[in-house]
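Per-entry structural report
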Amino acid sequence: MTEQTERWTQASVYPDMWADPADDPRDSDGPPPDGELATLAEYLTNYRITVRMKCEGLNAGQLARRSVPPSTMSLLGLVRHLAEVERDWRNWITDGEPLPKLYGARDADFDEAVADAAVVEAAWRDLAREQAATDAALAEHPDLGERLGKRGIAVRELLVHRVEEYARHCGHADLLRECVDGRVGQ
């Protein structure tokens, strides 16, 4: 018989939420974004915040905990994977030589996500650096219809793909976090 973690939420206003509205950094009292570019940017920002929220309060062992064997997926692996794909997206929009893989071998982002505080700290630094670099590269191309790189990808397509990638992995993070300590919520 395996020990089952009890489900819980920190929210008290809406029990299916991660945090109460007053404590949710994604909630804004300001006006909604104006235009397609601003809308995509806001969704991306909120999904990035969600990834951080799903990881907060966990130690290195909890962050590195694998989901269900034989899967290598963990919250730490997701953070490393998102850093890797941010770097890879910059390769999509350049005509030059591609940047090398951040973690080396294929799937090293997940396979080498080990319960070590230094690995966790490095993963968060890598993610912040790669997000900033990709954001800066795309800021030079505000025309969503502009086509970039050897494959001629539209800026719009890349931005939508970034939102989709983070959204999908936020779903994984929901399940991984619940598996680690039972915490649930959007």
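Residues numbered from 1 in each chain as written. Predicted model: local features only at pLDDT ≥ 70, side-chain atom pairs only at ≥ 80, totals over all residues. Heavy atoms only, no water.

**A few points about the overall build of the protein**
Put simply, the rule reads: The helix count covers DSSP runs of H or I at least four residues long, the strand count covers runs of E at least two residues long, and both are numbered beginning at the N terminus. A simple rule labels every residue: compare its accessible area, found with a 1.4 Å probe on the protein chains alone, to the largest value its type can have, and call it buried under 20%, exposed over 50%, or partly exposed in between. Any pair of residues with heavy atoms lying within 4.5 Å of one another is described as a contacting pair. Accessible surface is estimated by sampling points in the Shrake-Rupley manner with a 1.4 Å probe; for residues, cover comes only from the protein chains shown. Note on charges: Lys and Arg go in the positive column, Asp and Glu in the negative column, and His and the chain ends are not counted at all. The atom standing in for a charge is NZ when the residue is Lys, CZ when it is Arg, CG when it is Asp and CD when it is Glu.
Assigned secondary structure in the protein consists of six helices and two strands. For the protein, the spread of C-alpha atoms along the principal axes amounts to about 55 × 45 × 25 Å. The buried share of the protein, taken over its 186 residues, is 41%. When contacts within the protein are restricted to residue pairs at least 6 apart in sequence, long-range pairs at least 24 apart make up 72% of them. For the protein, the computed accessible surface area is about 10,400 Å², with 54% contributed by carbon and sulfur atoms. Counting 22 positive and 35 negative side-chain charges, the protein places the averaged centre of each group 4 Å from the other.

**Some points on the packing of helix α1 (residues 36–55) against helix α6 (residues 155–181)**
Short version of the rule: Angles here are taken between N-to-C directions and fall from 0 to 180 degrees, while the axes themselves are lines fitted to C-alpha atoms, restricted in helices to the stretch in contact. Should an angle fall under 35 degrees it is taken as roughly parallel, and over 145 as roughly antiparallel, whereas 65 to 115 is taken as roughly perpendicular and any remaining angle as oblique. Each crossing is labelled by how the near helix is turned from the far one, with a counterclockwise turn of less than a right angle marking it left-handed and a clockwise turn marking it right-handed. When residues are grouped by polarity, Ala, Val, Leu, Ile, Met, Phe, Trp, Tyr, Cys and Pro land in nonpolar, Asp, Glu, Lys and Arg in charged, and all others, Gly among them, in polar.
Packing of α1 against α6 brings their axes to within 9 Å, and their N-to-C directions diverge by 25 degrees. The angle between α1 and α6 places the two elements in the roughly parallel class. The handedness of the crossing between α1 and α6 is left-handed. Where α1 approaches α6, its residues Glu36, Leu37, Leu40, Tyr43, Leu44, Tyr47, Arg48, Thr50, Val51, Met53, Lys54 and Cys55 are matched on the opposing element by Arg156, Leu159, Val160, Arg162, Val163, Tyr166, Ala167, Cys170, Ala173, Asp174 and Arg177. Residues that form the contact of α1 with α6 fall into these classes: 15 nonpolar, one polar and seven charged.

**Observations concerning the packing of aromatic side chains**
In this description, an aromatic ring pair is defined by two values, namely the gap between the centres and the angle between the planes. Threshold: Any pair of Phe, Tyr and Trp rings, taking the six-membered ring for Trp, is counted once the centres come within 6.5 Å. Such a pair is stacked with planes under 30 degrees apart, edge-to-face with planes over 60 apart, and tilted for the rest. The rule for a charge over a ring is simple: NZ of Lys or CZ of Arg within 6 Å of the ring centre, and within 35 degrees of the ring normal.
Counting across every chain of the model gives one aromatic pair. Over the face of the ring belonging to tyrosine 103 we find arginine 80, whose NZ or CZ atom lies 3.9 Å from the ring centre. When the ring centre of tryptophan 18 is taken as origin, the NZ or CZ atom of arginine 183, which lies over that ring, is 3.8 Å away.

**Side note on the environment of glutamate 86**
Test applied: The term polar contact refers here to a pair of N or O atoms within 3.5 Å; inside protein, the definition further demands a hydrogen-donor-capable atom paired with an acceptor-capable atom, and it admits residues adjacent in sequence only when both atoms are side-chain atoms.
For glutamate 86, the position within the fold is in helix α3 (residues 75–92). Counting along the chain gives 26 residues from glutamate 86 to glutamate 112, while the straight-line C-alpha distance between them is 18 Å. Residues within four places of glutamate 86 in sequence aside, it is in contact with Arg48, Glu130, Gln131, Thr134, Arg162 and Tyr166. A polar atom in the side chain of glutamate 86 sits 2.9 Å from the side chain of arginine 162.

**Quick notes on the pattern of salt bridges**
Keep this limit in mind: What counts as a salt bridge is simple: a side-chain nitrogen of Lys or Arg found within 4 Å of a carboxyl oxygen of Asp or Glu.
Overall, the coordinates contain 16 salt bridges when judged by the stated rule. Between glutamate 178 and arginine 7 there is a salt bridge whose closest N-O contact spans 2.5 Å. With glutamate 178 in helix α6 and arginine 7 in the segment before α1, this pair connects stretches of sequence that are 171 residues apart. Under the relative-accessibility criterion, glutamate 178 is labelled partly exposed at 24%. Arginine 90 is the salt-bridge partner of glutamate 130, the closest N and O atoms lying 2.8 Å from each other.

**Some remarks on the side chain of glutamate 130**
Positionally, glutamate 130 belongs in helix α5 (residues 117–139). Exposure remark for glutamate 130: the relative accessible area of 1% places this residue in the buried category.

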